[in-house]
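# Geometric and topological summary
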Amino acid sequence: MELGLSGKRVLVTAASRGLGRAVAEAFLDEGCRVAISSSHEERIQRAAQEMSGRGEVIAMAADIGEADECAELLDWALHKLGGLDVLVNNTVGPPPGSLESLDEAQWRHAFDTILMSAVRLCKGALPALKADGGGAIVNLASLTAKQPIDGLMLSNALRPALVGMAKTLSREAAPGVRVNNIATEHILTDRIRNLAETMWAKPGETGEQVVQRMAAEVPLKRYGTPQEIASAAVFLASDAASFITGVTLAVDGGLDRGLF
């Protein structure tokens, strides 16, 4: 299937590792020109160097929880790429915790990184995305946008807000820009291994035993890979999804029990 992505200009945030990096690599494999960012200078430059064999990739360090750094990142990407066709909003997952354990600073930081980073980047990118025949936005969210997960108060509260913003934007930005979300769950990353050890382990369980137990709860009986999320992101940004907008696609091995 021809995806129509060759030569497209793509910005992927939080792309030094994990899901963001897998997404950036998948766009490079489709012949896209890719700009990546992360809050960690050394890590994002190293990632770009390691990905350079796949195609044209440039990197900039930016804390997307800060309004001025969002603006600087967009200005840089638009200048370096000469425009923008695809924006992939990705963030590092917020810390686990309950209402009682999380403090005001953690709430404000999560609000800025999960919701406001996407708001600022989408708003700033819209003129460029509408040019040259239209573009696409893909937000990497979490299944917490559709159903809460114990111990993840910040994600449970703020991922639905991200999806609500994106659903509204999908109507406001149409027909020039399509906006979709991916609700991820049970994707095996370093963050999930850490949560398995610190949040979800039963007495006497190792982190690997937790992963195996929780994989058995998935209808497909395994954890997903970052590359499977990347394939979904590439699809939603491509011509193959040209009549899809305002959708939240669960990539979760069948864990979502909702009908829609």
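Right, let's walk through the structure included here. Please read all numbers here as calculations on a predicted model, not as lab measurements.

### Looking at empty space enclosed by the protein
A probe matching the size of a water molecule, rolled over the atoms, marks out where space remains unfilled. A full pass over the atoms with the stated rule returns one cavity of 30 Å³ or more. Within this model, the largest cavity holds a volume of roughly 30 Å³. Residue lining of the largest cavity: N89, N90, T91, I114, S117, A118, L140, R159 and L162, and that is the complete set. Put simply, the parts of the chain that give the lining of the largest cavity at least two residues each are α4 (104-130) and α5 (153-172). Residues of the lining of the largest cavity, tallied by class, amount to four nonpolar, four polar and one charged.

### A look at the side chain of T91
Looking at the secondary structure, you find T91 in the loop between β4 (86-89) and α4. Once residues within four sequence positions are removed from consideration, T91 is found in contact with A14, I64, T113, I114, S117 and R159.

### Regarding the side chain of T144
Structurally, the position occupied by T144 is in the loop between β5 (135-140) and α5. Judged by relative accessible area, T144 falls into the buried class, the value being 2%. In terms of polar contacts, T144 uses its side chain to reach the side chain of S155, at 2.8 Å. Not counting chain neighbours up to four residues away, the residues in contact with T144 comprise I149, L152, S155, N156, R159 and P160.

### What to know about the nonpolar core
Core analysis: the largest hydrophobic core is formed by 36 residues, its most contacted members being V12, F27, V34, I36 and I182. Elements that contribute at least two residues to this core include exactly β1 (9-12), α1 (18-29), β2 (33-38), α2 (41-51), β3 (57-61), β4, β5 and α8 (226-237). Ignoring sequence-local partners within four residues, the contact set of V34 consists of V10, V12, A24, F27, L28, E56, V57 and I58. Core analysis: the second largest hydrophobic core is formed by 30 residues, A35, I64, L115 and L129 among them.

### Digging into the environment of L162
Relative to the helices and strands, L162 resides in helix α5. Among the residues examined, L162 registers a relative accessible area of 3% and is labelled buried. Counting along the chain gives 61 residues from L162 to S101, while the straight-line C-alpha distance between them is 23 Å. In this structure L162 touches I114, L115, A118, N139, L140 and A141, once residues within four positions along its chain are discounted.

### Regarding the environment of A240
In this structure, A240 sits in the loop between α8 and β7 (248-251). For A240, a relative accessible area of 29% translates into the label partly exposed. The spacing of A240 and K8 is 232 residues in sequence and 14 Å in space, taken between C-alpha atoms. With sequence-adjacent residues up to four places away left out, A240 is seen in contact with M1, L3 and F235.

### As for the state of the cysteines
Under the counting rule described, the total for this entry stands at zero disulfides. In this structure C32 is a free cysteine whose sulfur lies 18 Å from that of C122, the closest cysteine sulfur available. Counting only cysteine sulfurs, C122 is the nearest neighbor of C70, a cysteine outside any disulfide, at a range of 10 Å.

What counts, and where the lines are drawn
- Residues numbered from 1 in each chain as written.
- Predicted model: local features only at pLDDT ≥ 70, side-chain atom pairs only at ≥ 80, totals over all residues.
- Heavy atoms only, no water.
- 1 Å grid on protein atoms, 1.4 Å probe; cavity = no way out; pocket = protein on both sides within 12 Å on 5 of 7 lines; lining within 4 Å.
- Points joined across faces, edges and corners; volume = space filled by probe spheres on them.
- Helix = DSSP H or I, 4+ residues; strand = E, 2+ residues; numbered from the N terminus.
- Nonpolar A, V, L, I, M, F, W, Y, C, P; charged D, E, K, R; others polar.
- Contact = heavy atoms within 4.5 Å.
- Buried < 20%, exposed > 50% of the residue type's maximum accessible area, 1.4 Å probe, protein only.
- Polar contact = N/O pair within 3.5 Å; in protein donor to acceptor, adjacent residues only side chain to side chain.
- Core = buried A, V, L, I, M, F, W, Y, C linked by side-chain atoms within 4.5 Å.
- Disulfide = S-S within 2.5 Å.

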